[in-house]
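# Summary of the model geometry
So the chains spell out like this:
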Amino acid sequence: MRTKQILLAVTVAGLLATPAVARKTYSHQKYFEHYEGTKTCLKCHKKQARTFFHSQHYQWKAEASNVVGAEGKKLGKINQINDYCTNPVPMWIGEYVTPEGKVVEEGCSKCHPGNGTLPGEELTDAEMENMDCLICHASGYRRGLYETEEGGWEWKPILWKNQVGLDSVSRRISLPTRTMCLRCHAASGGGANFKRGDLEYKQTDCDTDFDVHMASDGNDMQCIDCHAGEDHRIPGPGADIAGNEMPDRNIKCDNDDCHGTEPHGQAILDTHTKRVFCTACHIPVFAKENPTNMVRDWSKGIYSEEKGKHVYTATFEKEVKPVLRWWNGKTSHMQEAGKPVATNDRGEIMMAVPVGSKDDPGSRLFAFKEYHAVMPVLTEKRWLLPIRTGVFYVSGDMTDAVRQATSELYGLDNAEFDWMPTVHYMGLFHEVSPASQALGCLDCHSDGGRIDWAGLGYEGDPLLALFQKSH
Amino acid sequence: MHRTWKIASIVVAGMVVIALSGLANARDKKMDGQALFKEHCKVCHGADSDNGEYTPMTLIQDQWEEFFSDTYVDTHKDVVDTAHGGKKVTEVITPEMLEKIKKFAIDHAADSEHPMTCG
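Residues numbered from 1 in each chain as written. Chains lettered and ligands numbered in written order. Predicted model: local features only at pLDDT ≥ 70, side-chain atom pairs only at ≥ 80, totals over all residues. Heavy atoms only, no water.

### Some points on the overall build of chain B
Heads up, the condition is: Runs of H or I in DSSP of at least four residues are treated as helices and runs of E of at least two as strands, each being numbered from the N terminus. Each residue is placed in one exposure class: buried if its accessible area under a 1.4 Å probe, protein chains only, is under 20% of its type's maximum, exposed if it is over 50%, and partly exposed if it falls in between. We call two residues in contact whenever any of their non-hydrogen atoms come within 4.5 Å of each other. Throughout, the Shrake-Rupley method with a 1.4 Å probe supplies accessible areas, and for residues the shown protein chains are the sole cover considered.
Helices and strands together make up the secondary structure of chain B, namely six helices and two strands. Starting at the N terminus and walking to the C terminus, you meet the elements of chain B as α-α-α-α-β-β-α-α. By residue count, 31% of the 119 residues in chain B fall in the buried class. Sequence separation of 24 or more characterises 59% of the internal contacts of chain B that already satisfy a separation of 6 or more. In the form shown here, chain B has an accessible surface area of approximately 7600 Å², with 61% of it arising from carbon and sulfur atoms.

Below, the structure is given as structure tokens:
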């Protein structure tokens, strides 16, 4: 008995004594001598590079089976215009520097997993070597924008002059962690949490109050636990990303292998799930750490002393309450470049409108971020126009920035354009709060509650109607 | 009488010296790691420096650990810092300052969450 206890004590002591800073070991520690760019990985991973070439992440477009009217088309950033940074093609890569010497823009390719060339259609050797595997697969990797010998620009590891350091980092290979995915997703739209609202740098290391799924001290889920793909296709484009490269894998909270459709065991909550999607109650607020961009008016440029550049006027908000909209999985008005815009009855251009209604049994109420912008539109043809944002940040000359971009994307010089307001709905699926913070009955069923019953197609609050009937 | 005066003046002189060096130090003491790196490292390691360009993000964390524990003293004990009174680098930088510089370098190394230069 006693010996057992002593043995146990010794074992426990031994376990505790293991060095606190135990080094993580990586399978790739001995796979190569020096990292010399993507070709180092290609020695063993040509197959994966081929699948990656065809992915939505590399091509920035994919089959858009959820988009109304896009049958057979491939859509994505590359051929759409959105009301954040517009279109990446005229703003692909390069430094824009203010007269004071401040770099204010490096191009949209900052979030493209390539070393700097626009993705092509054909899989050539040059394409193979343009892919940047490390941005999704190496811990501690960081890249920067550098001038090439030919006078162009490229993305290179910041350690390019330090081969020992570079070799060390490029061997720290694993499947993508949250940190790696967030290198791009936490700053989409031009800055920390500007665009999505529910994907923030904070999720690299957050607590359960912030996000029950990704909390480091809780479930510690990785992005790819939910977005579990294969052959470099990643499922789960949500409501406002057009391309859907894995239409057969629809990730939703109530899938059988996640929570199922009746997770509460309380009839009143479980009946709600038929018409009210989980996110409506379980994401009471978003943008919990970094304020998210709610309004962006490109037509009203001002000079910001603080930032040392010209900026659009914008509203940023924190702890924002989502709006609820019907959604049946389809989205309309994805704003392909070179197509006339459509407006709603308030005269706003519709961007990414979730399709659905109370009378459509396939629709449920989902949580959305409602975003507004003011965008340039070609006077005659009513096409949304791109903006060479870097030109505007430096000079403040918006007309020049729009015309340069329009000439590059559409081949139209000296474009005449107008400014028009937009409205844009973006699904919220992250920053799920603990159950104790889920919305209560009165958050929705009360005067001045979150729900605009009439706007959603109800005659009034159905709970109130029940009471009135029974009295 | 005479002796007491002498002692007193020595004490006063000593206090003045301490106070003066305290003044010089007070500035260093208030500086954070970034300011110290800029003041005491960048002077010799700016872009295009013959001594090599070093900002926190030039090296990875392991390399900084190694530098501060193994090579710093050897490579800097005979280097004279003309920007700081012509004293040896290792004399200008107190252990306390070095600790702050080290933390800044490691927190903002090339493989850290937030790689940085010292500005």
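Read on for the rest.
### As for the overall build of chain A
Which entries qualify depends on this criterion: Atoms counted for the radius of gyration: C-alpha only. Globule rule: 2.2 Å times the number of residues to the power 0.38.
A count of helices and strands for chain A gives 14 helices and 14 strands. Its C-alpha atoms give chain A a radius of gyration of 25 Å, near enough to 23 Å, the size a compact globule of 471 residues would have. Taken along its principal axes, the extent of the C-alpha atoms in chain A is 85 × 75 × 45 Å. For chain A, the proportion of contacts with a sequence separation of at least 24, taken over those separated by at least 6, is 66%. Per element, the accessible surface of chain A, about 24300 Å² overall, is 54% carbon and sulfur.

### Examining the pattern of salt bridges
Formally: Only one rule defines a salt bridge in this text: a Lys or Arg side-chain nitrogen within 4 Å of an Asp or Glu carboxyl oxygen.
The final tally for this structure, using the stated rule, is 20 salt bridges over all chains. Between Lys110(A) and Glu106(A) there is a salt bridge, with the nearest N and O atoms lying 3.1 Å from each other. Of the charged contacts, one joins Lys77(B) and Asp78(B) as a salt bridge, the two residues approaching to 3.9 Å between their closest N and O atoms. With a relative accessible area of 55%, Asp78(B) lands in the exposed category.

### Things to note about the interface of chain A and chain B
Accessible area lost upon the coming together of the parts serves often as the stated size of an interface. The following threshold applies: Buried area adds together the accessible area that both of two parts lose upon being put together, with accessible area traced by a 1.4 Å probe. Counted as a polar contact is a pair of N or O atoms within 3.5 Å, where, for protein atoms, one must be capable of donating a hydrogen and the other of accepting one, and residues adjacent in sequence contribute only when both atoms are in side chains. Under the scheme applied, nonpolar residues are Ala, Val, Leu, Ile, Met, Phe, Trp, Tyr, Cys and Pro; charged residues are Asp, Glu, Lys and Arg; polar residues are all the others, including Gly.
The interface is formed by 13 residues belonging to chain A together with 13 residues belonging to chain B. When the two sides are added together, the surface that chain A and chain B hide from each other amounts to roughly 920 Å², 47% of it contributed by carbon and sulfur. In terms of surface lost to chain B, no three residues of chain A exceed Arg142(A), Ile158(A) and Asn162(A), which account for 39% of the buried area on that side. Summed over the shared surface of chain A and chain B, the result is two salt bridges. Here Arg172(A) ties to Asp111(B) by a salt bridge, and the two come within 2.8 Å at their closest N and O atoms. Where chain A touches chain B, the interface holds four residue pairs in polar contact (both at pLDDT 80 or more). Along the lines of polarity and charge, the residues of the side of chain A that touches chain B split into four nonpolar, five polar and four charged.

### Regarding the packing of helix α2 (residues 33-40) of chain B against helix α6 (residues 95-107) of chain B
The packing of two helices is summarised by the inter-axis angle and the distance between the axes. Residues and elements named next belong to chain B. Definition in use: Lines fitted to C-alpha atoms define the axes, with helix axes restricted to the stretch in contact, and inter-axis angles between N-to-C directions lie between 0 and 180 degrees. Convention used here: angles under 35 degrees read as roughly parallel, angles over 145 as roughly antiparallel, angles from 65 to 115 as roughly perpendicular, and any remaining angle as oblique.
One can describe the packing of α2 onto α6 by two numbers: an axis separation of 8 Å at closest approach and a directional angle of 105°. Considered as vectors, α2 and α6 are oriented roughly perpendicular to each other. Residues Gly33, Gln34, Leu36, Phe37 and His40 of α2 pack against Met97, Lys100, Ile101, Phe104 and Ala105 of α6. Among the residues making up the contact of α2 with α6, the classes are represented as six nonpolar, three polar and one charged.

### Some remarks on empty space enclosed by the protein
The following threshold applies: Any residue with an atom within 4 Å of a point lines the site, the site being either a cavity, points on a 1 Å grid over the protein atoms alone where a 1.4 Å probe fits but cannot get out, or a pocket, an open set with protein on both sides within 12 Å along at least 5 of 7 lines. Grid points are joined across faces, edges and corners, and a volume is the space filled by probe spheres set on the points.
Scanning the entire structure with this criterion turns up one cavity of 30 Å³ or more. Counted as a void, the largest cavity has a volume near 50 Å³. Looking at the lining of the largest cavity, its residues break down into seven nonpolar, five polar and no charged.

### So, a negative patch on the surface
Filter applied, for reference: Residues enter patches when they are more than 30% accessible in relative terms and free of salt bridges; like-charged ones are connected within 9 Å and nonpolar ones (Val, Leu, Ile, Met, Phe, Trp, Tyr) within 5 Å. None of His or the chain ends enter the tally, which takes Lys and Arg as positive and Asp and Glu as negative. Every charge is mapped to an atom, namely NZ of Lys, CZ of Arg, CG of Asp or CD of Glu.
Judged by side-chain charge, Asp205(A), Asp207(A), Asp209(A), Asp217(A) and Glu113(B) come together as a negatively charged surface patch. Relative to the helices and strands, Glu113(B) is located in the segment after α6. Taking relative accessible area as the criterion, Glu113(B) reaches 47% and is therefore assigned partly exposed.

### Some details on the state of the cysteines
Residues and elements named next belong to chain A. Note the cut-off: The rule for a disulfide is simple: a pair of cysteine sulfur atoms within 2.5 Å.
This structure, assessed with the given rule, holds zero disulfides over all chains. Distance from the sulfur of Cys223, which forms no disulfide, to the nearest cysteine sulfur (Cys181) is 3.8 Å. As a non-bridged cysteine, Cys281 has Cys444 as the owner of its nearest cysteine sulfur, 5.8 Å distant. Given a relative accessible area of 24%, Cys281 falls into the partly exposed group.

### So, the environment of Pro99(A)
Residues and elements named next belong to chain A. Relative to the elements of secondary structure, Pro99 occurs in the loop between β3 (96-97) and β4 (103-105). A residue is classified by how much of its surface remains accessible, and Pro99, at 72% relative accessible area, is exposed. Considering only alpha carbons, one finds Pro99 and Gln29, 70 residues apart in sequence, at a separation of 45 Å.

### Points about the domain arrangement of chain B
Residues and elements named next belong to chain B. Selection criterion: Each domain's extent was defined by an automatic or database domain assignment.
Domain annotation of chain B identifies domain 1 (1-30) and domain 2 (32-119). Taken together, the contact pairs four residues of domain 1 with seven residues of domain 2. At the junction of domain 1 and domain 2, the tally comes to zero salt bridges. On the surface where domain 1 and domain 2 come into contact, there are zero residue pairs in polar contact (both at pLDDT 80 or more). Here the side of domain 1 that touches domain 2 is built from residues that sort into no nonpolar, no polar and four charged.

### A few points about the packing of helix α4 (residues 61-76) of chain B against α6(B)
Residues and elements named next belong to chain B. Orientation of α4 relative to α6, taken along the N-to-C sense of each, is 155°, at an axis distance of 9 Å. If you check the angle between α4 and α6, you find them roughly antiparallel. Facing α4, whose interface residues are Gln61, Trp64, Glu65, Phe68 and Tyr72, α6 presents Leu98, Ile101, Lys102, Ala105 and Ile106. In terms of residue class, the contact of α4 with α6 is made up of seven nonpolar, one polar and two charged.

### Describing the nonpolar core
One recurring pattern in soluble globular proteins: nonpolar side chains tend to sit buried together. Residues and elements named next belong to chain A. The criterion, for reference: Within this scheme, the nonpolar core is defined by two criteria: the residues are buried Ala, Val, Leu, Ile, Met, Phe, Trp, Tyr or Cys, and they are joined through side-chain atoms within 4.5 Å.
With 28 residues, the main nonpolar core has Trp298, Ile349, Leu384 and Met398 as its most contacted residues. Of all the secondary structure elements, the ones that give two or more residues to this core are β11 (349-351), β13 (364-378), α11 (389-395), α12 (398-410) and β14 (417-427). Looking at this core element by element, the count peaks at four residues for α12. In this structure, Leu384 is in contact with Ile81, Gln335, Val341, Ile349, Met351, Met375, Pro376, Val377 and Tyr410, ignoring residues within four places of it in sequence. Ranked by size, the runner-up nonpolar core spans 20 residues in total, among them Ala280, Met294, Leu365 and Val432.

### Details of the confidence of the model for chain B
All names here are of chain B. Note the cut-off: pLDDT runs from 0 to 100 and stands for how confident the predictor is about each residue.
Confidence along chain B averages 85 in pLDDT terms, with 78% of residues attaining 70 or more. Counting contacts from residues 12-23, a segment whose pLDDT is below 50, to residues more than four positions away or on other chains yields zero contacts. For this predicted complex, the interface score ipTM comes out at 0.82, alongside a pTM of 0.93.

### Observations regarding the pairing of β14(A)
Residues and elements named next belong to chain A. As a reminder, the rule being used: Criterion used throughout: strands pair if DSSP finds at least two bridges between them.
Across the eleven residues of β14, eight count as buried, placing the element largely inside the fold. Note that β11 and β14 share three bridges and pair parallel. Paired with Met350 across the strands is Val423, a residue of β14. The pairing of β13 with β14 spans eleven bridges and is classified as antiparallel.

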